[in-house]
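# Per-entry structural report
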Amino acid sequence: QVHIVESGGGLVQPGGSLRLSCATSGFRFSVYSMAWYRQAPGKQRELVADISTGGRFTNVEETVLGRFAISRDNGHNTVYLQMNSLKPEDAGVYYCNAPTLLEQGRSSWGQGTQVTVSS
């Protein structure tokens, strides 16, 4: 059974940084691309960044380009999201998941981790 636990969120001032972590189990982590998603209040969940199986290829959403970076540690079945120069509009609940497993109906959403950006 797929198990995903996000952590690392919190309250940070504009311009600050956070590093989110996503610990996974229950599937062969190294063979799946992974992604971080964000759900802002009143909005749909949206893709923020994704990373290939080996970590060589990454994509980030345009509004976070140059500020966020996704990485993974296949030895520890963990994916990270480094968030720098945070803005109020980056706030929301951040989730990670394997897009393919979601599409196949083999994964569900974790509890996410709340990011609040405010002075």
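In the block above lies the structure referred to throughout.
Residue numbers run consecutively from 1 along every chain, following the written order of its sequence. Under the rules for a predicted model, residues below a pLDDT of 70 receive no local features and side-chain atom pairs below 80 are neither given nor counted, while totals for whole chains, interfaces and linings still include all residues. Side-chain measures were taken over the full set of non-hydrogen atoms in the model, leaving aside hydrogen atoms and water.

## Side note on the pattern of salt bridges
Selection rule: A side-chain nitrogen of Lys or Arg and a carboxyl oxygen of Asp or Glu constitute a salt bridge if their distance falls within 4 Å. Secondary structure counts use DSSP, requiring at least four H or I residues in a row for a helix and at least two E residues in a row for a strand, with both numbered from the N terminus. For the exposure calls, accessible area comes from a 1.4 Å probe over protein chains only, and a residue counts as buried if that area is under 20% of its type's maximum, exposed if over 50%, partly exposed in between.
Enumeration over the complete set of coordinates arrives at three salt bridges. Across the salt bridge formed by Asp90 and Arg38, the nearest N and O atoms sit 3.9 Å from each other. In this pair, Asp90 sits in the loop between strand S8 (78-83) and strand S9 (92-97) while Arg38 sits in strand S4 (residues 34-39), placing the two residues 52 residues apart along the sequence. For the pair formed by Asp90 and Arg38, the shared burial category is buried. As a salt-bridge pair, Asp90 and Arg67 come within 2.7 Å of each other at their nearest N and O atoms. Highlighted residues: Asp90 in the loop between S8 and S9 and Arg67 in the loop between strand S6 (58-60) and strand S7 (68-73), separated in sequence by 23 residues.

## Structural notes on the nonpolar core
What counts, and what does not: Throughout this description, the term nonpolar core refers to a set of buried Ala, Val, Leu, Ile, Met, Phe, Trp, Tyr and Cys residues connected via side-chain atoms within 4.5 Å. Here a residue-residue contact requires only that any non-hydrogen atoms of the pair lie within 4.5 Å.
By size, the foremost hydrophobic cluster in this structure holds 27 residues, and its most contacted members are Phe27, Trp36, Phe68, Val79, Leu81, Met83 and Tyr94. Elements represented by at least two residues in this core include exactly strand S3 (18-25), S4, strand S5 (46-51), S7, S8, S9 and strand S10 (113-117). Once residues lying within four places of it in the same chain are set aside, the contact partners of Phe27 are Val2, Tyr32, Met34, Ala98 and Leu101.

## Focus: the sheet that holds S7
For clarity, the cut-off: Strand pairing requires that DSSP identify at least two bridges connecting the strands. For every element, the axis is a line fit to its C-alpha atoms; helices are fit only across the contacting stretch, and the angle between N-to-C directions ranges from 0 to 180 degrees.
In spatial order, the strands read S1-S3-S8-S7; together these four strands make up an open sheet with antiparallel pairing. Of all strands in the sheet, those with a lone pairing partner are strand S1 (3-7) and S7, marking the two edges. Averaged over all adjacent pairs, the angle separating strand axes in this sheet is 15 degrees, with direction ignored. As paired strands, S1 and S3 are joined by five bridges and run antiparallel to one another.

## Some details on the sheet that holds S6
Spatially, six strands are ordered S2-S10-S9-S4-S5-S6 in an open sheet, and the strand pairing comes out mixed. Whereas interior strands pair on both sides, the edge strands pair on one side only; in this sheet they are strand S2 (10-12) and S6. The mean angle between the axes of side-by-side strands here comes to 25 degrees, regardless of whether they run parallel or antiparallel. As paired strands, S2 and S10 are joined by three bridges and run parallel to one another.

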